[in-house]
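Below are the chains, spelled out letter by letter.
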Amino acid sequence: MKVGRVLRFTLAAAAAALLAALSAGCGSSSEWEPQSGEALREPAQIYPKHGVAKVELKAVRGKIKVAGSEIEAQPFNGTLIGPTIHVHPGQRIEATIHNATAEDTNIHYHGLHVSPNGISDNVFRDFDPNGTFTSIVELPNDHSPGTYWYHVHLHGLTEQQVMGGMSGLIVVEGLEELLPKPLRDVRQRQLAIRDVQAEGDAIVMKDEHISPVKPSTWLVDGQLEPNFELASGETQLWRLANIGADRFYEIGLEGIPFTVIAQDGSPVWRTFQTNRLALPPGRRYDVLVQGGEPGTYSLRSLQLNMGRGKQAARDLATVEVTGPAAAPYKPLPRTLKTPAKPLNSRRIAKHREFVFTLTDFNGDFKALINGELFDPEVSNVAPLLNTVEEWTLVNRSNEDHPFHIHVNDFQVMEVDGEPYRAPGLQDVVVIPRDGGEVVIRVPFDDFPGHFVFHCHILSHEDAGMMQAVDVIRPGEAPSPPPQGGHSHMG
Ligand code: C2O
Ligand code: CU
Ligand code: CU
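Residues numbered from 1 in each chain as written. Chains lettered and ligands numbered in written order. Predicted model: local features only at pLDDT ≥ 70, side-chain atom pairs only at ≥ 80, totals over all residues. Heavy atoms only, no water.

A. Just the overall build of the protein chain, in detail. Each helix and strand counted, the protein chain has three helices and 35 strands in total. Based on the C-alpha atoms only, the size of the protein chain along its principal axes is roughly 100 × 65 × 50 Å. Expressed as a percentage of its 490 residues, the buried residues of the protein chain come to 56%. Put simply, of all contacts in the protein chain between residues at least 6 apart along the chain, 78% involve residues at least 24 apart. Counting every atom, the protein chain has about 20200 Å² of accessible surface; 52% of that belongs to carbon and sulfur. Of the side-chain charges in the protein chain, 43 are positive and 60 negative, and the distance between the mean point of each set is 4 Å. (Helix = DSSP H or I, 4+ residues; strand = E, 2+ residues; numbered from the N terminus. Buried < 20%, exposed > 50% of the residue type's maximum accessible area, 1.4 Å probe, protein only. Contact = heavy atoms within 4.5 Å. Areas by Shrake-Rupley, 256 points an atom, 1.4 Å probe, with all protein chains shown as cover. Lys, Arg positive; Asp, Glu negative; His and termini not counted. Charge placed at Lys NZ, Arg CZ, Asp CG, Glu CD.)

Here is the structure:
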């Protein structure tokens, strides 16, 4: 009897203790509670040695601290933004990727003008769980300097893995050297923007649960509304990049203009000033910013609409403009000596048209190009090496689609039937919804082989809005893309 009573008492006490522990857990430690207002911390930086930028990227799913609070993520190297890889034109990146996750994955160097073949920027590769993979890209000597990024690119899993954190920045060095001397050593800031959708204490990493209408948290360098300083009269070079999965931003700084010196890693032929920078997924801007009147300014995403209704304005970061103004403002450049050549006078070898649509097959969302889903066994387009093609991109859906092509930057020639005076080359362009049309010229001057173009809303890419390109030599027949193995269609 005595033993029984003690046991009963002990069990009851244990149960009570367990319940208390559980409810405490629910109330505090199992909710992600991001803290805003920390000082901006930039990602880890990898610099080249003896002409090689060596980087180790380890992907693991697990709890990490994001904005001061624990959350489950699947990033590279334990932080929500991977290390920034610095590399000079003519050098190479050697990446060792450890896939310690339970999913297949791979890597893509967005915007780099490098070979798409073999173990270079080949998105048809497939990195199995628990494997270690090498990826080496060699940049040509005349590679454009500016801001690029890397991310996973496995068709069917791209959105959820980028949402989980698998992306980071690349800086191709040399942009400062294109600026007038007094501006070459200005302070630089890397501002990589992504959003995360969280449920409890985990980032949502199942594509069917990621939704454009669910609340999401917008982060700059993995922080919530961080703050940083800019002195009144000081010039800084900001590298703005959208390294998230699906969301668009429209960046403004309360009346302080941005002077754009490069877009998508391509230094512009003519700089321009603007108070609004459209930042669809994948896009980057290198801008000069000058501190105005001392005070607190918010770097924010302005209200926008890309077809899913209005997205409200929201603060991304706080900029303290400190005073009083000391230095006189340095004059900003109007033109840059960029290595990229305009394509206006190139002969057009071929015209093509691509129509972007969205459909619902019995509740199954599909995103199509020319009525077709991505087929990993088909090269849809086979341009001839050393030619320029003119492509008309048509949007017959009610959402904007940010078009992106690998390997080769393009020039926008026309938007909605009007001639467009491009400030430079780029690798992402928004095709406006409801019948919008964009005409681009794409040079296939080097790098034969297979790569892709697609919508950079990664849920659309995963849902089929992608095609394979095979750049062939004269006399060659197009071949299907290399087979990375299995399908990852969710
Ligand atoms: Cu950001 Cu297919 O790439
Ligand atoms: Cu890309
Ligand atoms: Cu799209």
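On we go.
B. Representation of the packing of aromatic side chains in the model. Evaluation of the coordinates by the stated rule reveals 13 aromatic pairs. Consider the rings of Phe127 and Phe133, whose centres lie 4.4 Å apart with planes at 10°: the pair is stacked. Across the pair, exposure class does not vary: Phe127 and Phe133 are buried alike. Judged by centre distance (5.3 Å) and plane angle (85°), the ring pair of Trp218 and Tyr249 falls under edge-to-face. Here Trp218, found in strand β14 (residues 217-220), pairs with Tyr249, found in strand β17 (residues 249-252); they are 31 residues apart in sequence, far enough to count as distant. Residues Trp218 and Tyr249 agree in their burial class; the two are buried. One cation-aromatic arrangement involves Arg314 over Trp218; the distance from NZ or CZ to the ring centre is 4.0 Å. (Phe/Tyr/Trp six-rings, centres within 6.5 Å; stacked < 30°, edge-to-face > 60°. Lys NZ or Arg CZ within 6 Å of the ring centre and 35° of its normal.)

C. Structural context of the coordination of the copper ion (ligand 2). Binding of the copper ion (ligand 2) to the protein goes through His108 (NE2) and His404 (NE2), at separations of 1.9 to 2.0 Å. Taken together, the residues His108 in strand β7 (residues 108-110) and His404 in strand β29 (residues 401-405) connect sequence positions 296 residues apart. Of the two residues examined, His108 and His404, each falls in the buried class. (Donors = N, O, S within 2.8 Å, 3.2 Å for Na, K, Ca; no water.)

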